[in-house]
Amino acid sequence: MYSKEQASQLKQAFWTAFGQYMTPVLSADGLKTNWINYKTGAKHIYFRMQADNRSATISIDLAHPDVELQELYFDQLLTYKSILHASLNEEWQWQLHDTDEYGKTISRVYATLSPVSIYQKEDWPRLISFFKPRIIALDEFWTDVKYAFGVSI
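If you're wondering where the values come from, they're calculated on a predicted model, not measured in any experiment.

Q: Residues and numbers for the sheet that holds strand S2 (residues 56-62), please.
A: If you trace the four strands from one edge of the open sheet to the other, you get S1-S2-S4-S3, paired in antiparallel fashion. Unpaired on one side and paired on the other, strand S1 (45-51) and strand S3 (93-99) mark the two borders of the sheet. This sheet shows a mean twist of 30° between the axes of neighbouring strands, independent of strand direction. Note that S3 and strand S4 (residues 105-113) share five bridges and pair antiparallel. By the bridge assignment for S4, glutamine 93 is matched with tyrosine 110.

Q: Lay out a negative patch on the surface in plain terms, naming residues and giving numbers.
A: Residues Asp66, Glu68, Glu71 and Asp75 make up a contiguous surface patch of negative charge. Relative to the helices and strands, aspartate 75 resides in helix H2 (residues 67-78). On the basis of relative accessibility, which here comes to 36%, the residue aspartate 75 falls in the partly exposed class.

Q: Can you lay out the packing of helix H1 (residues 4-22) against helix H4 (residues 124-145) for me, pointing to particular residues and giving the numbers?
A: Look at H1 against H4: their axes get within 11 Å of each other, and the N-to-C directions meet at 50°. Between H1 and H4, the interaxial angle falls into the category oblique. Classified by chirality, the crossing of H4 by H1 is right-handed. Where H1 approaches H4, its residues Leu10, Ala13, Phe14, Trp15, Phe18, Tyr21 and Met22 are matched on the opposing element by Trp124, Leu127, Ile128, Phe131, Lys132, Ile135 and Ile136. Residue composition of the contact of H1 with H4, by class: 13 nonpolar, no polar and one charged.

Basis of the calculations
Residues numbered from 1 in each chain as written. Predicted model: local features only at pLDDT ≥ 70, side-chain atom pairs only at ≥ 80, totals over all residues. Heavy atoms only, no water. Pairing = 2+ DSSP bridges. Helix = DSSP H or I, 4+ residues; strand = E, 2+ residues; numbered from the N terminus. Axes fitted to C-alpha atoms, helices over the stretch in contact; angles between N-to-C directions. Patch = residues over 30% accessible without salt bridge, like charges linked within 9 Å, V, L, I, M, F, W, Y side chains within 5 Å. Areas by Shrake-Rupley, 256 points an atom, 1.4 Å probe, with all protein chains shown as cover. Salt bridge = Lys/Arg side-chain N within 4 Å of Asp/Glu carboxyl O. Lys, Arg positive; Asp, Glu negative; His and termini not counted. Charge placed at Lys NZ, Arg CZ, Asp CG, Glu CD. Buried < 20%, exposed > 50% of the residue type's maximum accessible area, 1.4 Å probe, protein only. Parallel < 35°, antiparallel > 145°, perpendicular 65-115°, else oblique. Left-handed = near helix turned anticlockwise from the far one by under 90°. Contact = heavy atoms within 4.5 Å. Nonpolar A, V, L, I, M, F, W, Y, C, P; charged D, E, K, R; others polar.

As far as function goes, none of this settles anything; it's purely spatial.
Structural data, given as structure tokens:
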């Protein structure tokens, strides 16, 4: 078992390594991108990558505080479901009105890898192989649909 400080250092080391690994990868628009803190340009819509001692998850999180508007975003995203799954070459889970780790209501479209641990360096290649193609595919998908969510150039 790791102390909180050791666990924090391992997580930070992984995300730093992942960020460095992704640095040469340009976005679908040909721009340099901060893949770890991906900016969708749409308020309350986030691409998240998370990992802990059991699993890793990549998701599109819809976090609008008004749950009715959140549901509208979710329904709008559903209209692009086939395009998203084609971009990803896999189907993801769709969850309307879940609760995040802070107790807030969110809706989420996600994929999970388990068992895997961010605290085991031997799992890092699996984590990178899980996150890399999916965040790139999300970027390609978002490039095509972001304007439907009010994102301007």
